[in-house]
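Breakdown of the fold
The residues making up each chain are set out below.
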Number of protein chains: 2
Amino acid sequence: MELDLKEIHDFAVGVAEAAGKVLLTRSSLVKNKANSVDLVTEVDEKVEAIIKKEIALRYPEHNFLGEETYSAGSLRVYAIGDEPTWCVDPIDGTVNYVHLFPMICVSIGFTYQGKSVVGAIHAPYLNQTFSAYQGGGAWVNRTTRLPYQNHPLAADAPRGCVFACEWGKDRRDEPNSNLSRKVDSFVNMATEIGGRNGMGGMVHGIRSLGSAALDLCYVATGAFDIWWEGGCWEWDVCAGVIIVQEAGGLVTTANPPDSTESPVPDVGLGSRLYLAIRPAVATESESSRDAQERVVREVWKRVRALDYSRPTE
Amino acid sequence: MELDLKEIHDFAVGVAEAAGKVLLTRSSLVKNKANSVDLVTEVDEKVEAIIKKEIALRYPEHNFLGEETYSAGSLRVYAIGDEPTWCVDPIDGTVNYVHLFPMICVSIGFTYQGKSVVGAIHAPYLNQTFSAYQGGGAWVNRTTRLPYQNHPLAADAPRGCVFACEWGKDRRDEPNSNLSRKVDSFVNMATEIGGRNGMGGMVHGIRSLGSAALDLCYVATGAFDIWWEGGCWEWDVCAGVIIVQEAGGLVTTANPPDSTESPVPDVGLGSRLYLAIRPAVATESESSRDAQERVVREVWKRVRALDYSRPTE
C-alpha cells in the first residue's frame with residue numbers, strides 16, 4: 001500500500017485544529033449547565049463524531065479507533081493491527097477540561113503496520129499545534145522544528161532533569177496499588193543523591209500536567225527530560241509517540257525488564273506502560289541513542305513496575 | 001497617604017508585559033550559551049533591574065524588594081513594612097525557564113500597610129496577564145473578569161477537587177524533611193476515601209506546574225480548587241495573593257493550627273506557608289467564606305505541618 005504520510009499529516013493537523021475550536025465553545029456552554037462532567041462527555045462525543053466523519057469522508061478505507069466509541073464498548077481489547085488506523089482522543093486532559101485548566105488537547109494519531117506514523121496534537125487554549133510524520137520531522141505550529149533546544153543529556157542524569165509524571169486514577173491504600181508504586185517511584189526520583197538506599201535521583205523538578213499527550217509534546221520540545229507513566233491508553237499516546245520520535249526522542253516501556261542487560265524495547269502502543277526521554281545531541285563519547293538508553297536504565301533503577309493490564313479477548 | 005491603586009495597577013501591568021518581552025529573547029540567547037543556569041541568572045538580574053528602574057522613575061518614594069537583589073544580600077529578614085513597597089519576582093518558575101517549559105511569568109506585587117494590594121502577573125509564553133487591585137476585581141488580559149466560572153465548593157471536598165502542589169528543593173531522605181512532610185500530605189490528599197487512617201481525600205487530580213505565581217493565578221481562575229505550598233518567598237506570592245483575593249478566593253497558612261477551633265488566619269506574606277482556596281459562590285445553606293473555611297479545615301486535617309522558617313535578624 002502507498003500512503004502519502006505528508007498528506008495524511010496535513011489533513012490531521014487541519015482536523016485537530018478545527019476540533020479544537022469546538023472545545024473552546026465549552027467556556028460559554030458551561031454557564032448553562034449544572035453538571036460539568038455530563039457536559040464534557042457530551043462535548044467529547046460530539047468532537048469525536050466530527051473527527052470520525054471527516055476521516056471517513058477523506059479516507060473511507062482506513063480504520064478508526066476513538067476513545068469515546070472504544071470506551072462505550074464492553075471490551076478494551078487492543079485493536080490496532082497492520083492496516084492504516086486512526087487512533088483519536090477528542091479531549092486529552094478531561095479533568096483539566098472540566099475545571100477549565102488550559103492543559104487540554106485534541107490528539108489525532110495514525111498507525112500503519114502497528115506503528116504510530118503520523119501525529120497531530122492541538123492545544124486550543126495554548127494556541128499550539130504539535131505534529132509529526134515518519135521521516136518528516138516534528139513541528140510546532142507547522143513552522144518551528146522540534147526540539148527547541150538540543151543539548152546533551154547530563155552524565156549524572158536524572159539529576160538536573162525535569163521529570164514529568166501523573167498520579168492516575170488508582171488510589172487504593174495498599175502497598176501494591178499503582179498509587180503506592182507510583183509514589184515510591186516519584187519519591188526515589190526526587191530524593192537527594194545517596195538517599196532511599198541509593199535510589200535518590202535528585203531531579204531538578206517534578207511536573208504533573210494532567211495530559212499524557214501534552215506531556216509527550218513537552219518531551220519533544222525538550223522541556224521535559226523524562227516522562228514516566230502507566231495506565232493511559234493508546235489513544236492518549238498514539239500521536240505523541242511519533243512526535244517525540246521524530247523530534248529525536250526515545251519512547252519505551254515504564255517497567256524495568258528482568259535483566260539489566262536486556263535491550264531497550266520499542267514502545268508498545270497498547271502496553272499502557274510508557275517512558276519517554278527527550279531528544280539529545282551526541283557528544284564526542286556517546287551517541288544520542290546511547291545517552292537516552294543510559295537515562296532509561298537510570299530511571300528503571302529507581303521505579304517500581306506498574307500493574308496495568310488489559311483484557312485479552 | 002493617598003494611593004491611586006488603579007493607576008498603580010495599570011502601571012504594573014504595563015511593566016510586567018514589557019519585562020515579559022525580554023524573557024522571550026531567551027529562546028534565541030540560549031543557543032549561544034553553554035550554561036543555561038548562568039544565562040538565566042543573567043536574564044533574571046537584567047529584568048529585575050529594568051523593572052526596578054521603571055518603578056524608581058514613576059514612584060521614586062516607594063520601597064522596592066526584588067528576588068534577585070534580596071537573594072544577593074546575606075540576610076533574608078522579612079522587609080515588608082507599612083510603607084508602599086513593590087515586591088517583584090522577575091522570573092517565577094526559574095527551573096521551567098532553564099528548560100524552556102512555558103509555565104513562567106513576571107510577578108509584580110505591591111503592598112501597603114503590610115498587605116498585598118496590587119498584583120500583575122504576565123506569562124509571556126502563554127500570552128496571558130493576570131492582574132488585580134484592592135477593590136477593583138481580578139482580571140485576565142485586562143478584559144475578562146476572574147474567576148472564569150463561579151460554582152459552589154462541593155460538600156465532600158477535597159473529593160473532586162484539583163489539588164495543586166510543588167515538590168520544592170528540600171530533598172532530604174529523613175522522616176521529618178519537608179520532602180517527607182509534603183509527600184505524606186500529597187498522598188493523603190490523593191488516596192481513596194477511608195484510606196490512610198481516614199485521611200484519604202480522593203482529589204480529582206494533582207497538578208505541579210513549577211510556578212507558585214501561576215498556581216495562584218489558576219486558583220483565581222477557578223481551575224485549581226486548592227493550592228497548598230511551603231518554602232517559597234513573598235516575591236513568589238505577593239502579586240498572586242491579591243489576584244486570588246480579588247477573584248473571591250481565600251489565602252491562609254499551609255500549617256494546621258494547634259486547635260481545630262482556631263479561626264482561619266489571613267495569609268502572612270512572609271510566612272513561607274500558603275494555602276489558597278478558589279472563589280466559590282454561596283449556596284442557600286452556606287456563605288462563600290464558610291465553604292472556603294470548611295475546605296481549609298479539610299485540607300489541614302490531611303496535611304503535615306511544614307518546617308520552613310526565616311532568619312529573624
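What you see is a predicted model; the values in this text were computed from it and never measured.

1. So, the pattern of salt bridges
Inspection of the entire model under this criterion finds 26 salt bridges over all chains. The residue Arg172 of chain B makes a salt bridge to Glu174 of chain B at a minimum N-O spacing of 3.5 Å. Glu174 of chain B gets classed as partly exposed once you look at its relative accessible area, which sits at 38%. Between Glu298 of chain B and Lys301 of chain B there is a salt bridge whose closest N-O contact spans 2.9 Å. One end of the pair is Glu298 of chain B and the other is Lys301 of chain B, both in helix H9 (residues 288–302) and 3 residues apart, which spans about a single turn. The exposure class assigned to Glu298 of chain B is buried, which follows from its relative accessible area of 18%. Residues participating in the shared-partner salt-bridge network are Asp170, Arg172 and Glu174 of chain A.

2. Some points on the packing of aromatic side chains
Within this structure, the stated rule accounts for 28 aromatic pairs over all chains. Ring pairs connect the aromatic residues Phe163, Trp167, Phe186 and Trp228 of chain A together with Phe163, Trp167, Phe186 and Trp228 of chain B, which therefore count as one cluster.

3. Structural notes on helix H7 (residues 212–221) of chain B
All names here are of chain B. Burial analysis of H7 places 10 of its 10 residues in the buried class, which makes it a mostly covered element. Residues of H7 that are buried include every one of Ala212, Ala213, Leu214, Asp215, Leu216, Cys217, Tyr218, Val219, Ala220 and Thr221, and no others. One or two residues past the end of H7 sits Gly222, with phi positive at roughly 100°.

4. Describing the side chain of Arg272 of chain A
Residue and element names in this part refer to chain A. By secondary structure assignment, the location of Arg272 is in the loop between strand S11 (250–252) and strand S12 (273–277). With no salt bridge to any partner, buried Arg272 finds its closest opposite charge in Glu234, at an N-O distance of 6.7 Å. Of note is the side chain of Arg272, whose polar atom sits 2.8 Å from the backbone oxygen of Ser309. The contact partners of Arg272, leaving out residues within four places of it in the chain, are Glu229, Gly230, Gly231, Cys232, Trp233, Tyr308, Ser309 and Arg310.

5. Observations concerning the packing of helix H6 (residues 178–190) of chain A against helix H6 (residues 178–190) of chain B
Here H6 of chain A crosses H6 of chain B at 155°, and the two axes come no closer than 12 Å. Overall, the two elements H6 of chain A and H6 of chain B adopt an arrangement that is roughly antiparallel. Of the two possible hands of crossing, H6 of chain A and H6 of chain B adopt the one that is right-handed. Of H6 of chain B, the residues touching H6 of chain A (which contributes Leu179, Val183, Val187 and Ala190 of chain A) are Leu179, Val183, Val187 and Ala190 of chain B. In the contact of H6 of chain A with H6 of chain B, the residues fall into 8 nonpolar, no polar and no charged.

6. Brief notes about the nonpolar core
In this structure, Tyr218 and Trp227 of chain A together with Tyr218 and Trp227 of chain B are the most contacted members of the largest nonpolar core, which totals 90 residues. Excluding anything up to four places from it in sequence, Tyr218 of chain B contacts Phe101 and Pro102 of chain A together with Met103, Leu126, Gln128, Phe130, Leu209, Ala223 and Phe224 of chain B. In terms of nonpolar packing, the next biggest core, distinct from the first, is built from 62 residues, Leu153 of chain A together with Ile206, Leu273 and Leu275 of chain B among them.

7. Description of the interface of chain A and chain B
With 43 residues of chain A at the interface, the matching set in chain B holds 45 residues. Taking both sides of the interface into account, the surface hidden between chain A and chain B amounts to around 3700 Å²; carbon and sulfur atoms contribute 62%. Of all residues in chain A, His99, Trp167 and Arg171 of chain A bury the most surface against chain B, accounting for 20% of the area lost on that side. At the junction of chain A with chain B, the criterion picks out 0 salt bridges. At the boundary of chain A and chain B, one finds 21 residue pairs in polar contact (both at pLDDT 80 or more). Breaking the side of chain A that touches chain B down by element, the ones donating at least two residues are helix H5 (94–99), H6 and strand S9 (205–207) of chain A.

8. A few points about the sheet that holds strand S10 (residues 226–230) of chain B
Residues and elements named next belong to chain B. If you walk across this open sheet you meet the 5 strands as S9-S8-S10-S12-S11, and the pairing is mixed. The open sheet terminates on both sides in strands that have one partner only, identified here as strand S9 (205–207) and strand S11 (250–252). Sheet twist, expressed as the mean angle between neighbouring strand axes with direction ignored, is 15°. In terms of strand pairing, S11 meets strand S12 (residues 273–277) through 3 bridges, oriented antiparallel. When the bridges of S12 are listed, Val251 appears paired with Ala276. Where H7 meets the sheet, its contacts fall on strand S8 (162–164), S10 and S12, and the angle it forms with S10 comes to roughly 155°.

9. Details of unusual backbone geometry
In this structure, Pro158 of chain A follows Ala157 of chain A across a cis peptide bond, with omega equal to 15°. By secondary structure assignment, the location of Pro158 of chain A is in the loop between strand S7 (144–145) and strand S8 (162–164). If you check the backbone angles, Arg196 of chain A has positive phi at about 55° while not being a glycine. Checked against the element boundaries, Arg196 of chain A lands in the loop between H6 and S9. Residue classification places Arg196 of chain A among the partly exposed positions, given a relative accessible area of 24%. One non-glycine residue, Arg272 of chain B, adopts positive backbone phi at about 65°.

10. A look at the domain arrangement of chain A
Residue and element names in this part refer to chain A. Annotation of chain A at the domain level lists domain 1 (5–145) and domain 2 (162–302). Relative to domain 2, the C-alpha centre of domain 1 lies at a distance of 23 Å. Across the boundary between the two partners, domain 1 contributes 41 residues, which contact 25 residues of domain 2. The junction of domain 1 with domain 2 conceals about 2400 Å² of combined surface from both sides, 68% of it contributed by carbon and sulfur atoms.

11. Overview of the environment of Gly270 of chain A
Residues and elements named next belong to chain A. Within the element layout of this structure, Gly270 appears in the loop between S11 and S12. Residue classification places Gly270 among the buried positions, given a relative accessible area of 14%. Discounting residues that sit within four places of it in the chain, Gly270 has contacts with Tyr78, Glu234 and Arg310.

12. Brief notes about the relation of the copies chain A and chain B
Superposition record for chain A on chain B: RMSD 0.0 Å, screw rotation 180°, translation along axis 0.0 Å. Classification of the inter-copy transformation places it as that of a two-fold axis. Minimal C-alpha distance to the rotation axis in chain A is attained by Ser208 of chain A, lying at 2.4 Å. A share of 100% of the interface residues of chain A reappears at the interface of chain B, consistent with the copies meeting face to face through the same patch.

Definitions and cut-offs
Residues numbered from 1 in each chain as written. Chains lettered and ligands numbered in written order. Predicted model: local features only at pLDDT ≥ 70, side-chain atom pairs only at ≥ 80, totals over all residues. Heavy atoms only, no water. Salt bridge = Lys/Arg side-chain N within 4 Å of Asp/Glu carboxyl O. Buried < 20%, exposed > 50% of the residue type's maximum accessible area, 1.4 Å probe, protein only. Helix = DSSP H or I, 4+ residues; strand = E, 2+ residues; numbered from the N terminus. Phe/Tyr/Trp six-rings, centres within 6.5 Å; stacked < 30°, edge-to-face > 60°. Lys, Arg positive; Asp, Glu negative; His and termini not counted. Polar contact = N/O pair within 3.5 Å; in protein donor to acceptor, adjacent residues only side chain to side chain. Contact = heavy atoms within 4.5 Å. Axes fitted to C-alpha atoms, helices over the stretch in contact; angles between N-to-C directions. Parallel < 35°, antiparallel > 145°, perpendicular 65-115°, else oblique. Left-handed = near helix turned anticlockwise from the far one by under 90°. Nonpolar A, V, L, I, M, F, W, Y, C, P; charged D, E, K, R; others polar. Core = buried A, V, L, I, M, F, W, Y, C linked by side-chain atoms within 4.5 Å. Buried area = accessible area lost by both parts, 1.4 Å probe. Pairing = 2+ DSSP bridges. Domains from an automatic or database assignment. Least-squares fit on C-alpha atoms with pLDDT ≥ 70 in both.

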